[in-house]
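# Observations on the model geometry
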Amino acid sequence: MKPVGAPRRTSPGALTELGSRFTPMAEHPVQDDIDLLDGRWYARHPYEQWAWMRVHAPVYWDAKNEVWGITRYHDVLAIEKDPATFSSRRSPRPHGDPLPMMISMDDPKHTSRRKLVNRGFTPRRVRDHEPTIRRLCRQIINHVCERGQCDFVWDIAAPLPLLLIADMLGFPPESYDDLLTWSDDMIRGTTVGDEVAIRKAHEAGMAFREFQLGVIADRRSKPPGDDLVSVLCYAEIDGERLDDESIIQESLLILIGGDETTRHVITGGMVALLEHPDQKEFLVEHPEALETGVEELLRWVTPIKNMSRTVARDVEVRGQQLREGDQLILLYPSANRDAEVFEDPDRFDVTRKPNPHLAFGFGPHFCLGASLARLELKVMFEELLRRLPDLHLADGAELPYRASNFISGAEAMPVEFTPVAPMSTAP
Ligand code: HEM
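Residues numbered from 1 in each chain as written. Predicted model: local features only at pLDDT ≥ 70, side-chain atom pairs only at ≥ 80, totals over all residues.

The number of helices and strands found in the protein is 18 helices and 12 strands. Scaling as 2.2 N^0.38, a compact globule of 427 residues should have a C-alpha radius of gyration of about 22 Å, and the protein matches this with 22 Å. With the C-alpha coordinates of the protein rotated into their principal frame, the extents come out at 70 × 55 × 40 Å. Split into buried and exposed, the 427 residues of the protein put 42% on the buried side. A fraction of 69% describes how many contacts in the protein between residues 6 or more apart in sequence connect residues 24 or more apart. (Helix = DSSP H or I, 4+ residues; strand = E, 2+ residues; numbered from the N terminus. Rg over C-alpha atoms; globule rule 2.2 N^0.38 Å. Buried ≥ 20, exposed ≤ 12 C-beta atoms within 10 Å, placed from the backbone. Contact = placed C-beta atoms within 7 Å.)

Below you can see the structure in the form of structure tokens.
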């Protein structure tokens, strides 16, 4: 209904505003404070606004940030499947600079890069990690089980993914605390307006860079090993080795992809189970249902809030004219609540099947670590539900949420449970 000659980017609120002269509006219209790049917006869990956008403005123009927001499942899917029109050649963050990492590339460059490390993440190779994952889960739970209380985020959810991915990358254990701090600080800086968080993110990026240059020098001084940094140091594409910057960025992507995501599904998944005690009870009694349960936790939590694409040629999507160079973001949590695909999408159902959620994206950039994340989640919830079945939020506990426009979840989660004795860590 855009009148001819009108500015090409009509605010999606414009028609509603006009309509409001005739229809009384709620005091705070649902679309009022949509801000696609403000981390605080995501921390407010804007499901109501995503539902409004899916119906009224599925291709939403955020004029302040100059970015399009795509909220419907089928649109997200179509865009993921069409990299010739919706390119990854810039950055996974809107308006970001291109970086020498696979997620910032289109094919064929993207595939050459991804192939270098893909072997370590196939479902079969990942299955080999199950005994290690189970041992780590048991150690993590042993560490707190006699206390009867802990901070679920920092004592349980965050360590597992970090320990695994840092080990796969070949980083020394004495660096693990720093790696967690740096990757957290980098993600806390993915917002607008919070200058302190943005500065700390920059400093963390520099510190990681310095550290990684040391690791690269060490790997190059040794014969090829099978840790991922060594693989990247010795890999060749068309007869050429990767430069330092490419190795730094590629391993940072794997580190953050590995340690800043799965943990939020452990935390957010546990919150969902506590809010739906019948579902939790069902999984305690039927741990085999974690096969579908893990998929529902992924759909429900969807820790990566969006990925960005750059429009590669002028194109119309649902009546909106997108121009070459425009930035758009694919809002995965919204797609995962789209009633066109998910029956009763706001119902949390650990037996939901089929469950074609987009928490891992789709298409050429489909998450490299999806099999690893699924296995971590399955084993962690098996161990938690068996050993701490009455775990619950501490009285008066608050769940502060990370204000990130990229990956978010709880920053703290005080919980209590009946103390139990440590157990053998042997699988
Ligand atoms: C629950 C956990 C995880 C979630 C929800 C998640 C989600 C995602 C999403 C949405 C994408 C972008 C897909 C797209 O653009 O279509 C992605 C890409 C990626 N993820 Fe994950 N991820 C998780 C765990 C991991 C883990 C454990 C790793 C460790 C290796 C990892 C590494 C990557 C990498 C390297 C990419 C870029 C792939 C490419 O560009 O080809 N992720 N992930």
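Right, let's talk about helix 16 (residues 290-301) for a bit. Helix length check: helix 16 (12 residues) gives 15 Å between terminal C-alpha atoms against 16 Å at 1.5 Å per residue, within 8%. Across the 12 residues that make up helix 16, a large majority, 10, are buried. Here the buried face of helix 16 lies against helix 14 (262-275), helix 15 (277-285) and helix 18 (370-387). Thr 302 lies just past helix 16 and shows a positive phi near 35°. (Expected span 1.5 Å × (residues − 1).)

Burial analysis of strand 7 (residues 306-311) places 5 of its 6 residues in the buried class, the great majority of the element. In this structure, strand 3 (residues 86-87) lies alongside strand 7, joined through 2 bridges in antiparallel fashion. Bridging across to strand 7, Phe 86 finds its partner in Val 311. By the bridge criterion, 5 bridges tie strand 7 to strand 10 (residues 327-331) in an arrangement that is antiparallel. The residue of strand 10 that forms the bridge with Met 307 is Leu 330. (Pairing = 2+ DSSP bridges.)

Orientation of helix 10 (residues 176-188) relative to helix 13 (residues 244-259), taken along the N-to-C sense of each, is 85°, at an axis distance of 10 Å. Between helix 10 and helix 13, the angle falls in the class roughly perpendicular. Along the contact surface, helix 10 presents Leu 179, Leu 180, Ser 183, Met 186 and Ile 187, while helix 13 presents Leu 255, Ile 256 and Asp 259. Along the lines of polarity and charge, the residues of the contact of helix 10 with helix 13 split into 6 nonpolar, 1 polar and 1 charged. (Axes fitted to C-alpha atoms, helices over the stretch in contact; angles between N-to-C directions. Parallel < 35°, antiparallel > 145°, perpendicular 65-115°, else oblique. Nonpolar A, V, L, I, M, F, W, Y, C, P; charged D, E, K, R; others polar.)

Any functional reading would require information beyond the geometric quantities listed.
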